[in-house]
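Listed here are the chains, written in short residue letters.
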Amino acid sequence: MVIKLHDTLSREVKALEKRAGEPYKVYVCGPTVYGPAHIGNFITFTRFDVLYRTLKVAGYEPYYVRNITDVDDKTIKRSQEEGLSLQAFTEKWTQKFHDDCAALNLLEPDVEPRATEHLQEQIDLVEKLIEKGNAYVGGDGSVYYRVTSFADYGKLAHFDPEQLRTQDTNSAGTANLADEYEREAVADFALWKAQKADDGANSWPGPRHPETGERIAGRPGWHLECSAMSMRYLGPSFDLHGGGEDLCFPHHENEIAQSEAATGETFCRHWMHSTHLLVEGKKMSKSLGNFFTIEDLLEKGYAPAAIRLAFLQGHYRQQFNFTLSGIDAAKSGLEKLEKGLQPLLEKAGMSREQFTGLVPPFAENLGAFQNAWNALCHDLNTPAALGSLFSAVKRASKQAETAEDAQAALRAAATLLFALGLPLFAAQEAEPEAVEVPSDIAELAERRWQAKQSKDFATADALRAELTEKGWQVLDRKDGYDVVQA
RNA sequence: GGCGCGGUAGCCAAGUGGUAAGGCCGGGGACUGCAAAUCCUCUAUCGGCGGUUCGAUUCCGCCCCGCGCCUCCA
C-alpha cells in the first residue's frame, strides 16, 4: 500500500517512495531535555509514532531516528541552577521522557542519538562548511553560517531570501540587530558558539580556526546536531524528516542549508510538520493553567490510552483543540471499542490475551477495516481512520458468520489498532477494589437489599435515595449487589 | 508587513460537484420493580454575500471571525 503525505517543501500531498532494497529512512527532531515534555511535545511524537507504525504495516521497513538534544542554552542554564553536571541533568530528563513515551505506547526509534555523543560529526561538518566558504568566524569568535552563500535558502519555509537578509525586526517587533558586529548579516546563524564565561564546564574543543589552525573552544549551535546526526545514521540524502511546525523555520531551513551546502545532495526528500495544539481553546501556557505534562494528566486519573486516543482525534495538519473533556470522551470511546470487539472474540473463540498478543501486520484483506486503513494511508488521516474503525467494529460483528470470519476480522482490527498504537484491554489493572465501603453505608445497602427481597419497593427506593445522597450507588446483580462510589 | 491555516450538529471531528462518516453528551424506546449495564433509535442544509454550474457545503471572488509561523516553543 502506498502512503501519501503532505510535503512542506512542495506543499503537496505526495506518495512516499520506497527505494527497493533499502529501508525507508526517517528522522524526527526529538526533545531538548531540560524539563518534562508537555502534551504539545507528545502530540507531535505520537503523530510520528503513528507514521512509523503505518510505514511498518504498509511494508516500508522504516528506519526511524529520533534525537535527543542534550546541549543548548536551556540545558546548560538549568543544570547549573540545580547544581548538576550537564550530563547528569539531561540524563534525568531523558529518563523521564522515556517513561512518558512508554506510557503513551510510543515505539522506540531504531536509533536515538544524543548531540553530545556526536560532537565529532558536528565539528567535521563545520570545518567542511568553512572550507567551502559557507561559514566564517564572526566578531565574537563563533562560527556562523553565511546564508547568502546558499541560493536555496528559504525554500522550505517559502520565505523570500532577500527579505530574510534585510529583515531588521522580528515578529515581536524588537530589533534584530543585537549582534550585527558579530555576524555579516542578521540572517546568519551560529554553527559553533565560542566559549563564554557562563558556559562553565560545558565547552569542547571545536572546529579549527581557518587562519590560526587552533581549535575553537565552545559548543555546537542549534540546528547543527540534527544535520550531523541525521546524515551520520541515514546518509547524506534520506527519505523523510519531521518535527513540530515551529521547527520548519528556522531549524529545518537551516538544516537544509548546512547539509546541502556541505554535501551538494538533496538533504531530504519529504518534509512533514505537526501543527501545534490548543488546550481548552487557548495556546498552552502556564499562566492560563492549561499547561499539562503527561504526568499531570496521569495524576488527574486519565488513562494513557485515552490521552493517546484524544490526540488522534485531530488531524496532524489541522489546528487541534485538546481538552480534558476530550480525554473523557476518548475514554468512553475506548470502552466502546473494547465492548464492540467482545462478540467477535466470542465468535472466534479468542481470549483478550490472545487478541492483544496478535502481532500485526497481517497480509490479507482487511475487510470492514479497509476504509480505516485507507484513511491512514491518505495523509495520515487519523480522525477519519478512527471514524471508520468504529463503524468497522460494528459492521464486522454483524457480518461475521463463522469463527474464521471473526478471526479474520480480529486480525484486521489488530492491524489497525497497532497502526494507531491503541492498546485495548490494557486498563484492567486499574480496577477499584481499594475503596472500602464504610459500615454505615454497607448497612444501608444491606437493608435495601432485604427490603427488595421482601418486595418492599418503597423502602428500597427510599434507601437507594439515601445512599445516593451520601454519594454511593447500589448496582444489583441477579443474586446480590455491589456498592460503589457514585 | 510576509507566508500559511481554519470557521461543518450541545462538544470534538471527517468528507464529497449531486442534498453530510464517526466519537462524546443529550432525548426517545426495549429490557430490568427502581437504578446501573446492554441493545435499538433520534438530533446539522456545512460563517456571510455574490459568481461559475443542470446542481456547491465542496470551485472562484469579496467580507466577517478565529488561529499559526516569521522569537533556540513540538
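Values in this document were obtained by computation on a predicted structure and should not be read as measured data. (Residues numbered from 1 in each chain as written. Chains lettered and ligands numbered in written order. Predicted model: local features only at pLDDT ≥ 70, side-chain atom pairs only at ≥ 80, totals over all residues. Heavy atoms only, no water.)

**Some details on the domain arrangement of chain A**
Note: interface size is frequently given as the accessible area lost on complex formation between the parts. Taken as a whole, chain A is organised into domain 1 (9-274), domain 2 (279-420) and domain 3 (439-485). A straight line from the C-alpha centre of domain 1 to that of domain 3 covers 63 Å. (Domains from an automatic or database assignment.)

**Quick notes on the side chain of Arg-219**
You can see Arg-219 is positioned in strand β9 (residues 215-220). On the basis of relative accessibility, which here comes to 2%, the residue Arg-219 falls in the buried class. (Helix = DSSP H or I, 4+ residues; strand = E, 2+ residues; numbered from the N terminus. Buried < 20%, exposed > 50% of the residue type's maximum accessible area, 1.4 Å probe, protein only.)

**Structural notes on unusual backbone geometry**
Residue Pro-250 is bonded to the preceding Phe-249 through a cis peptide linkage, with omega at 5°. For Pro-250, the location among the structural elements is in helix α7 (residues 248-263). Phi is positive for Asp-379, which is not a glycine, with a value near 60°. Looking at where Asp-379 falls in the secondary structure, it is placed in the loop between α12 (370-377) and α13 (382-399). Backbone geometry at Leu-380 places phi at a positive 50°, although glycine is not the residue there.

**Here's the deal with the pattern of salt bridges**
What the rule picks out here adds up to 24 salt bridges. Among the ionic pairs, Asp-73 bridges to Lys-193, the shortest N-O distance being 3.7 Å. With Asp-73 in helix α2 (residues 73-81) and Lys-193 in strand β7 (residues 189-194), this pair connects stretches of sequence that are 120 residues apart. Lys-96 is the partner of Glu-295 in a salt bridge, and the nearest nitrogen-oxygen pair spans 2.7 Å. Highlighted residues: Glu-295 in helix α8 (residues 294-299) and Lys-96 in helix α3 (residues 86-103), separated in sequence by 199 residues. A relative accessible area of 35% places Glu-295 in the partly exposed class. (Salt bridge = Lys/Arg side-chain N within 4 Å of Asp/Glu carboxyl O.)

**Things to note about helix α1 (residues 39-57)**
Relative to the 27 Å expected for 19 residues at 1.5 Å per residue, α1 spans 26 Å between its end C-alpha atoms, a close match to the ideal helical length. Just downstream of α1 lies Gly-59, where phi reads positive at about 85°. (Expected span 1.5 Å × (residues − 1).)

**Notes on the pairing of strand β15 (residues 472-476)**
Across five bridges, the pairing between β15 and strand β16 (residues 481-485) is antiparallel. Within β16, the residue paired with Gln-473 across the bridge is Val-484. Hairpin geometry of β15 and β16 is characterised by an intervening segment of four residues between the two adjacent antiparallel strands. (Pairing = 2+ DSSP bridges.)

**Let's talk about the sheet that holds β7**
Here five strands make up an open sheet; going across it, the order is β5-β6-β7-β9-β8 and the pairing antiparallel. With one partner strand each, in any of the chains shown, β5 (135-137) and β8 (204-208) form the two edges of the open sheet. If you compare each strand with its neighbour and ignore which way they point, the axes differ by 40° on average. Against the sheet, helix α4 (residues 119-131) engages β5, β6 (143-145), β7, β8 and β9, with an angle of about 25° to β8. (Axes fitted to C-alpha atoms, helices over the stretch in contact; angles between N-to-C directions. Contact = heavy atoms within 4.5 Å.)

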